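What follows is the residue order along each chain.
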Amino acid sequence: ELKVEQNPLFLSMQEGKNYTIYCNYSTTSDRLYWYRQDPGKSLESLFVLLSNGAVKQEGRLMASLDTKARLSTLHITAAVHDLSATYFCAAYRGRSQGNLIFGKGTKLSVKP
Amino acid sequence: ETGVTQSPTHLIKTRGQQVTLRCSSQSGHNTVSWYQQALGQGPQFIFQYYREEENGRGNFPPRFSGLQFPNYSSELNVNALELDDSALYLCASTLRQQAPSTDTQYFGPGTRLTVL
């Protein structure tokens, strides 16, 4: 059974600092997604990682995937307050089962 | 904006009642998934429809049922509501193609259901 674990679950950062969110998944998955959710809002797609060694960057966020270690990371560079949100990773179960398995999310708070 | 809409935005029901939630997929998307997100948790997969057929189901009882229509809109029906059904219900649409693709799911804004 595919399970996804994120850590940390809560992260309080100061502006300008760097940090990494970790996402481990328990069985083979051929793609990994990262989403952002603001309070009371829906999920915004950030990255889709399709292969081992994949790295994608958008602004201050960079995501990577190591399929051998079953690990994805979301690295935050020089955090700013606007990045405060909850970040979810989700592993894909494949078309025949057609769904995403989400982690519990990492609630990020960036303070001045 | 993802182009996925849901209605209603908020809903209050009492235990034992039935509810229908609606989702309008992004134009041309042939796959819709429904998720339940309890407060402080990640979304949990309920089921998925591909070309109007159920194509995968999560660990939810049969009182959770769905439909997908030819225009790719869809419904989630929940019978005999329980207090634990209180959650944010999200639909997500995808364009599933023959060729390999990202199968990215685009989420709607959700319906907040409260069961009293």
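Up top you'll find the structure we're talking about.
Every value quoted in this text rests on a predicted model; they were computed, and no experiment measured them.

Rules used in this analysis
Residues numbered from 1 in each chain as written. Chains lettered and ligands numbered in written order. Predicted model: local features only at pLDDT ≥ 70, side-chain atom pairs only at ≥ 80, totals over all residues. Heavy atoms only, no water. Pairing = 2+ DSSP bridges. Helix = DSSP H or I, 4+ residues; strand = E, 2+ residues; numbered from the N terminus. Axes fitted to C-alpha atoms, helices over the stretch in contact; angles between N-to-C directions. Contact = heavy atoms within 4.5 Å. Buried area = accessible area lost by both parts, 1.4 Å probe. Salt bridge = Lys/Arg side-chain N within 4 Å of Asp/Glu carboxyl O. Nonpolar A, V, L, I, M, F, W, Y, C, P; charged D, E, K, R; others polar.

**Student:** When you look at the sheet that holds strand S3 (residues 19-25) of chain A in this model, what are you seeing that I'm missing?
**Tutor:** Neighbouring strands of a sheet are bound in pairs by backbone hydrogen bonds; such pairs are parallel or else antiparallel. All names here are of chain A. Ordered in space as S1-S3-S8-S7-S6, the five strands form an open sheet in which the pairing is antiparallel. In this open sheet, the two strands that pair with only one neighbour each are strand S1 (4-7) and strand S6 (55-58). Mean inter-strand twist for the sheet, computed between neighbouring axes without regard to direction, equals 15 degrees. Two elements, S3 and strand S8 (residues 71-76), share six bridges in a ladder whose sense is antiparallel. Looking at S8, one finds that Cys 23 is bridged to Ser 72.

**Student:** Help me understand the interface of chain B and chain A in this model?
**Tutor:** One frequent convention defines the size of an interface as the accessible area lost when the parts assemble. Listed per partner, the contact involves 25 residues of chain B and 21 residues of chain A. Buried surface at the junction of chain B and chain A, summed over both partners, amounts to about 1700 Å²; 48% is from carbon and sulfur atoms. The tally of links from chain B across to chain A stands at zero salt bridges. Considering every element that reaches the side of chain B that touches chain A, the biggest residue donor is strand S4 (residues 31-37) of chain B, with three residues. Among the residues making up the side of chain B that touches chain A, the classes are represented as eight nonpolar, 15 polar and two charged.

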